[in-house]
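Here is what each chain is made of, one letter per residue.
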Amino acid sequence: TVSDPEGNIFASRGDVTDIEGNITSNKVVLDFVGLLTANSLGILEKLPDVFDEIYVSQAMPDELNEELLNERTGLTKQRGSISRGKEGYYSYEYTETELQTYVNFLTSLRDFITSKTKVVPVPSALSIDANKFDELKRVLGESAISSILVAKEKEALLYADDLAIN
């Protein structure tokens, strides 16, 4: 846990005992990996019961919509995967059913964002030097850096599960 001298927590690895009783905000910002993690843990639909306001940066639905468009138009290049095992390399080609499941998954995330969150622009990004912002996007990703800035602007918690952010 990282906190200031007054005990205000800036970051926690998720240990409930570290943060119990220390959270005073009823607002949260989801970054993309945090959204995926909350969905995977089965808590995504419970977040509106816990927080009064859930924010996402405009970059997140933009990324989802781009991926959905690419899938629907066949522009996505990923149609399989290659992995390495004890006995060499393996390739796997995704079935149409698996690709449709992926599209349905992305659609459900987008539906959650549009119905349960407030999608907000990130005006503070304009105050950062363009080269510096591009470098931050390269290192963290646009959604991550935008989410950090939204959390700062809205004085909200940041729900992130990305090693680079932690």
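This is a predicted model, so every value here is computed, not measured.

## Focus on the overall build of the protein chain
Phase 1 of the analysis: Along the backbone of the protein chain there are 7 helices and 8 strands.
Phase 2 of the analysis: Considering the protein chain as a whole, with its 166 residues, one finds that 31% of them fall into the buried category.
Phase 3 of the analysis: At a minimum sequence separation of 6, the contacts of the protein chain that also span at least 24 residues come to 68%.

## Some remarks on the sheet that holds strand β3 (residues 27–30)
Phase 1 of the analysis: Strand order across the open sheet formed by 4 strands is β7-β4-β3-β8, with parallel pairing between neighbours. Both outer strands of the open sheet, β7 (118–120) and β8 (157–159), are each paired with one neighbouring strand and no more. Taking each pair of neighbouring strands and ignoring which way they run, the sheet shows an average axis angle of 35 degrees.
Phase 2 of the analysis: Examined bridge by bridge, β3 and strand β4 (residues 53–57) share 3 bridges and lie parallel to one another. Opposite V29, over in β4, you have Y55 as the bridge partner.
Phase 3 of the analysis: Contacts from helix α7 (residues 142–154) reach β3, β4, β7 and β8, with the element oriented near 140 degrees to β4.

## Things to note about the nonpolar core
Phase 1 of the analysis: Judged by nonpolar contacts, the single largest core of 18 residues is most densely connected at L30, L35, L44, L47 and M60.
Phase 2 of the analysis: Elements represented by at least two residues in this core include exactly β3, α2 (32–41), β4, α4 (59–73) and α5 (96–116).
Phase 3 of the analysis: Sorting elements by how many residues they give to this core places α5 first, with 5 residues.
Phase 4 of the analysis: In contact with M60, other than residues within four places in its own chain, are L30, D31, F32, L35, I113 and S143.
Phase 5 of the analysis: Counting 13 residues, the second largest nonpolar core, distinct from the first, contains L140, V150, A151 and A156.

## Looking at the pattern of salt bridges
Phase 1 of the analysis: The tally for this structure, following the rule as stated, stands at 2 salt bridges.
Phase 2 of the analysis: The closest approach of N and O atoms between E53 and K118, which form a salt bridge, is 3.8 Å. Here E53 is found in strand β4, whereas its partner K118 is found in strand β7, with 65 residues between them in sequence.
Phase 3 of the analysis: For E53, a relative accessible area of 22% puts it in the partly exposed group.

## Digging into the pairing of strand β6 (residues 88–93)
Phase 1 of the analysis: Along β6, only 0 of the 6 residues are buried, which leaves the element largely exposed.
Phase 2 of the analysis: By the bridge criterion, 6 bridges tie strand β5 (residues 80–85) to β6 in an arrangement that is antiparallel. Its bridge partner being in β6, S81 is matched across the sheet by Y92.
Phase 3 of the analysis: Where β5 hands over to β6, the hairpin turn is made up of 2 residues, counted between the paired strands.

## Here's the deal with the confidence of the model for the protein chain
Phase 1 of the analysis: Across the protein chain, the average pLDDT comes to 81, with 81% of residues at 70 or higher.
Phase 2 of the analysis: Per-element confidence in the protein chain is highest for β7, whose mean pLDDT is 96, and lowest for strand β2 (residues 9–11), whose mean pLDDT is 47.

Rules behind the numbers
- Residues numbered from 1 in each chain as written.
- Predicted model: local features only at pLDDT ≥ 70, side-chain atom pairs only at ≥ 80, totals over all residues.
- Heavy atoms only, no water.
- Helix = DSSP H or I, 4+ residues; strand = E, 2+ residues; numbered from the N terminus.
- Buried < 20%, exposed > 50% of the residue type's maximum accessible area, 1.4 Å probe, protein only.
- Contact = heavy atoms within 4.5 Å.
- Pairing = 2+ DSSP bridges.
- Axes fitted to C-alpha atoms, helices over the stretch in contact; angles between N-to-C directions.
- Core = buried A, V, L, I, M, F, W, Y, C linked by side-chain atoms within 4.5 Å.
- Salt bridge = Lys/Arg side-chain N within 4 Å of Asp/Glu carboxyl O.
- pLDDT = per-residue confidence, 0-100.

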